[in-house]
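# A look at the structure
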Amino acid sequence: MAKTRRKRTSPMHPYDVVFQMIIGKWISKALGSIVEIGVPDQLAKGARQCRDLAREAGVSEDGLYRLLRALASLGLFNESTDRRFRLTSMGQLLRSDHPESLAGYARFTGHDITWRPWGELGYSVKTGLPAFDRIFGKPVFEYFSQNPEVAAVFDEAMTSISAMEARAASEAYDFKGIQTLMDVAGGHGLLLATVLRRHKKMRGVLFDLPHVAAGATATFTRARITGRVRIESGDFFKELPMGSDAIIMKHIIHDWDDDSATRILQACHRALGKRGKVLIVDTVVPARNVPHYGKLLDLEMLVLTPLGRERTKDEFAKLLRGAGFRLSGIIPTESPLSVVEALKA
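Residue numbers run consecutively from 1 along every chain, following the written order of its sequence. Two thresholds apply to this predicted model, a pLDDT of at least 70 for residue-level local features and 80 or more for giving and counting side-chain atom pairs, whereas whole-chain, interface and lining totals are computed over all residues. To get the side-chain values, take all heavy atoms of the structure and skip hydrogens and water.

## Digging into the pattern of salt bridges
How we decide: Each salt bridge in this description consists of a side-chain nitrogen of Lys or Arg and a carboxyl oxygen of Asp or Glu lying within 4 Å of one another. Each residue is placed in one exposure class: buried if its accessible area under a 1.4 Å probe, protein chains only, is under 20% of its type's maximum, exposed if it is over 50%, and partly exposed if it falls in between.
Within this structure, the stated rule accounts for 13 salt bridges. In this structure, Arg48 and Glu56 form a salt bridge, with 2.9 Å as the shortest nitrogen-oxygen distance. For Glu56, a relative accessible area of 51% gives the class exposed. With its nearest N and O atoms 3.0 Å apart, the salt bridge here joins Asp97 to Arg95. Exposure remark for Arg95: the relative accessible area of 17% places this residue in the buried category. Each member of the salt-bridge network shares a partner with another, and the members are Glu36, Arg107 and Glu156.

Below you can see the structure in the form of structure tokens.
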């Protein structure tokens, strides 16, 4: 009896791999657009016809159908008869109410504040300067402070990815012995809330700019930790509240050049006691050709931020020494981020 031969799965041809990379911008913009239109939320209760979705959203039926058809080919939607679409399990992540929603990040990636600067990546590579400033006439965080509707898009994006990152960091790091944890530039407080919910005796301090920190009240109320946390506002380049055992910062140090990051860390050093520690939750860029999210995120820092960058282990160690800290460990998490732990030297 002849044996049945198993069909070999051939690896993609290099041409096909590179071609898929080149057209990646189409996918990013398509995802941002479908979230902006609101279709994933419209489909939260089940399948609907494209004409009804288009009428409710106030968009072209033909245009929306073509957008949905393209995203269905990527596994985010499923099309049946009569141009009826439903969300797949992957597509559910584009709903704004999903516990691990990526809707905010998809919207941010396709928004003018990132899309237009990325179009000027060549300028940033040639000059080493942020394309954002060239396009919008001022640094990104100053622009956000003056344009609250745009800042809200950014804040939503950070909250969008923060759920997974916060859970991963809170599970990977041993917070034992920390009585009060301060989250510097903690945004809407999701990371701090996640840690405090796991550690019932810990107290927390959220520190951020007033217009950002205002959004944390709702987060702490939902987490039922309002009695264990306080919100403070100010400038992290100058002074931070005293009295915490440890300071945590996620996606903050990477926004700044070494001199500015050192000033932030020096403010942390002054705010902490003798045995205080700082926890930096960022990517740690591996050496040479190892594929890593941080190497691509580093280009986002190049294009958008005031000379921000992702850093290697050695770069973190040098940065921390300059602020009076000693690198004591790097703890990987299930996310692309690691917890960089440093003690006062």
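Next comes the rest of the account.
## Topic: the side chain of Ser244
Our working definition: For helices the rule is a DSSP run of H or I covering at least 4 residues; for strands it is a run of E covering at least 2, with both sets numbered from the N terminus onward. When checking whether two residues touch, look at their non-hydrogen atoms; a contact exists if any pair is within 4.5 Å.
Checked against the element boundaries, Ser244 lands in the loop between β6 (229-233) and β7 (246-250). Judged by its relative accessible area of 6%, Ser244 falls in the buried class. Discounting residues that sit within four places of it in the chain, Ser244 has contacts with Thr180, Leu181, Met182, Val205, Leu272 and Gly273.

## What to know about the nonpolar core
Basically, it comes down to this: As used here, the term nonpolar core means buried Ala, Val, Leu, Ile, Met, Phe, Trp, Tyr and Cys residues forming a set that is joined through side-chain atoms within 4.5 Å.
Ranked by internal contacts, the top residues of the largest apolar core, which has 32 residues, are Phe236, Leu240, Ile247, Met249 and Leu265. Of all the secondary structure elements, the ones that give two or more residues to this core are β4 (180-184), β5 (203-208), β7, α15 (258-271), β8 (277-282), α17 (313-321), β9 (325-332) and β10 (338-344). At six residues, α15 tops the list of elements feeding residues into this core. When residues no more than four places from it in sequence are discounted, the contact partners of Phe236 are Val184, Ala185, Phe207, Ile252, Trp256, Arg263, Ile264 and Ala267. In terms of nonpolar packing, the next biggest core, distinct from the first, is built from 25 residues, Phe175, Ala213, Phe220 and Leu337 among them.

## Here's the deal with the sheet that holds strand β3 (residues 84-87)
Short version of the rule: One requirement defines pairing of two strands: DSSP has to find at least two bridges between them.
The three strands lie next to each other as β1-β3-β2, forming an open sheet whose pairing is antiparallel. Unpaired on one side and paired on the other, β1 (48-49) and β2 (77-80) mark the two borders of the sheet. Bridge count between β2 and β3: four bridges; the pairing is antiparallel. Each bridged residue has a counterpart across the sheet, and for Asn78 the counterpart in β3 is Arg86.

## A few points about helix α16 (residues 293-304)
Our working rule: The span one expects for a helix is its residue count, reduced by one, times 1.5 Å.
Here α16 is twelve residues long and its end C-alpha atoms lie 17 Å apart, about the 16 Å a rise of 1.5 Å per residue gives. Gly294, Leu297, Glu300, Met301, Val303 and Leu304 are the residues of α16 that are buried. Those residues of α16 that are buried are in contact with α6 (103-110), α7 (112-118), α8 (121-127), α9 (131-136) and α10 (140-146).

## Concerning the sheet that holds β6
For the record, the criterion: Axis lines are fitted to C-alpha atoms, over the contacting stretch for helices. Their N-to-C directions set the angle, which ranges from 0 to 180 degrees.
The strand order across the open sheet formed by seven strands is β6-β5-β4-β7-β8-β10-β9, and the pairing between neighbours is mixed. Since the sheet does not close on itself, it has two edges, and those belong to β6 and β9, each with one partner. Each strand axis lies, on average, 20 degrees off the axis of its neighbour in the sheet, ignoring direction. In the sheet, β8 pairs with β10 via six bridges, with the strands oriented antiparallel. Each residue of the ladder has a partner; that of Ile280, found in β10, is Val340.

## Notes on the packing of helix α12 (residues 190-198) against helix α14 (residues 216-223)
For clarity, the threshold we go by: Oblique is the label for every angle not falling under 35 degrees (roughly parallel), over 145 degrees (roughly antiparallel), or within 65 to 115 degrees (roughly perpendicular). A crossing counts as left-handed when the near helix is turned anticlockwise from the far one by less than a right angle, and as right-handed when that turn is clockwise.
Two elements in contact, α12 and α14, have axes whose closest approach is 9 Å; the angle formed by their N-to-C orientations is 20 degrees. Between α12 and α14, the angle is such that the two are roughly parallel. When the axes of α12 and α14 are compared, the crossing they make is right-handed. On the side of α12, the interface is formed by Leu190, Leu192, Ala193 and Arg197, while α14 contributes Thr219, Phe220 and Ala223.

## Observations concerning the packing of helix α2 (residues 24-37) against α6
When two helices pack together, their arrangement is given by the angle between the helix axes and by the axis-to-axis distance. To keep it simple, the criterion reads: All amino acids are sorted into three groups, where Ala, Val, Leu, Ile, Met, Phe, Trp, Tyr, Cys and Pro are nonpolar, Asp, Glu, Lys and Arg are charged, and the leftover types, Gly among them, are polar.
Their axes nearest at 7 Å, the elements α2 and α6 cross at an angle of 120 degrees. The angle between the axes of α2 and α6 places the two elements in the oblique class. In terms of crossing hand, the pair formed by α2 and α6 is left-handed. Across from Ser28, Lys29, Leu31, Gly32, Val35 and Glu36 in α2, the residues of α6 making contact are Ala103, Ala106, Arg107, Thr109 and Gly110. Across the contact of α2 with α6, the residue classes break down as four nonpolar, four polar and three charged.

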